Amino acid sequence: MVEKSPDAFRTISEAAEELDVPQHVLRFWETRFSQIKPMKRAGGRRYYRPADVELLKGIRSLLYKDGYTIRGVQKILKEDGASYVAGVGRGEIEPRKREGEMASAPPPGMSKPAPRVGKGGKPAPEGAAAPAQPLLPLGEVRVVVNRLSESHADMLRVALRDLGEARRILDPSQSR
């Protein structure tokens, strides 16, 4: 196979191979990121410019390496622009971690949400309305990995303690 110049346009199969993603993923990304605009020839054949491939590398890095969601990458593109995302793809820019942005899968070390439980402690049927989360028994502590600053975590601990106290006042059966 003849190696193309870095300035040459790439077909969708060449771009997909370079990015190590299936072609349908590139087509899907085109529907989600308006900044991806490959040139289309007669018959709909796509040709990606070098700048398109750089942007795709940045999107791939943010999604797959840094754990952003599609919506999170859309926000970065809107706020920081395509050149920022392309810089991430080239490895020139280390993406900042953004407040409230997390991939749909929990990062390593974080557990998945507990399965839903219905009446009597039995698993809830599929499609059933989500019940209110049961309260933890007083004094029970769960260790949760989070991305809060220590000061925010302290504020939440104080609020939780205050809520527990309010719960004891309002529900006499919870008194110690």
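Criteria and thresholds
- Residues numbered from 1 in each chain as written.
- Predicted model: local features only at pLDDT ≥ 70, side-chain atom pairs only at ≥ 80, totals over all residues.
- Heavy atoms only, no water.
- Helix = DSSP H or I, 4+ residues; strand = E, 2+ residues; numbered from the N terminus.
- Polar contact = N/O pair within 3.5 Å; in protein donor to acceptor, adjacent residues only side chain to side chain.
- Contact = heavy atoms within 4.5 Å.
- Phe/Tyr/Trp six-rings, centres within 6.5 Å; stacked < 30°, edge-to-face > 60°.
- pLDDT = per-residue confidence, 0-100.
- Core = buried A, V, L, I, M, F, W, Y, C linked by side-chain atoms within 4.5 Å.
- Buried < 20%, exposed > 50% of the residue type's maximum accessible area, 1.4 Å probe, protein only.
- Salt bridge = Lys/Arg side-chain N within 4 Å of Asp/Glu carboxyl O.

**Considerations on the side chain of Arg 10**
Step number 1: Its location among the elements puts Arg 10 in strand S1 (residues 10–11).
Step number 2: Within polar-contact distance, the side chain of Arg 10 engages the backbone oxygen of Ala 8 at 3.0 Å.
Step number 3: Looking at Arg 10, its side chain comes within polar contact range of the side chain of Glu 18, at 3.2 Å.
Step number 4: Beyond its immediate stretch of four places on either side in the chain, Arg 10 contacts Lys 4, Ser 5, Ala 15, Glu 18, Arg 46, Tyr 47, Tyr 48 and Val 53.

**Considering the packing of aromatic side chains**
Step number 1: Taken as a whole and assessed by the stated rule, the structure comprises 1 aromatic pair.
Step number 2: Seen in terms of ring centroids, Trp 29 and Tyr 64 are 6.0 Å apart; in terms of plane orientation they differ by 55°. Their pairing is tilted. Taken together, the residues Trp 29 in helix H2 (residues 23–32) and Tyr 64 in helix H3 (residues 50–65) connect sequence positions 35 residues apart.

**Re the confidence of the model for the protein chain**
Step number 1: Across the protein chain, pLDDT averages 75, with 65% of residues at or above 70.
Step number 2: No element of the protein chain has a lower mean pLDDT than helix H6 (residues 150–170), at 77, and none a higher one than H2, at 93.

**As for the nonpolar core**
Step number 1: Counting 24 residues, the largest nonpolar core has Leu 26, Trp 29, Ile 36, Tyr 48, Ile 59, Val 73 and Val 85 as the members making the most contacts within it.
Step number 2: Secondary structure elements with two or more residues in this core: helix H1 (12–19), H2, H3, helix H4 (70–80) and helix H5 (82–90).
Step number 3: A per-element tally of this core places H3 first, with 6 residues.
Step number 4: Discounting residues that sit within four places of it in the chain, Val 85 has contacts with Leu 55, Gly 58, Ile 59, Leu 62, Ile 76 and Leu 77.

**Describing unusual backbone geometry**
Step number 1: With a phi close to 60°, Asp 20 is a non-glycine residue in the positive phi region.
Step number 2: Position of Asp 20 relative to the elements: it lies in the loop between H1 and H2.

**Notes on the pattern of salt bridges**
Step number 1: One pass over the full model with this rule turns up 7 salt bridges.
Step number 2: We note a salt bridge from Arg 49 to Asp 52, for which the minimum N-O separation is 3.3 Å.
Step number 3: The exposure class assigned to Arg 49 is partly exposed, which follows from its relative accessible area of 31%.
Step number 4: What you see here is one network of salt bridges that share partners, running through Arg 10, Glu 18 and Lys 57.

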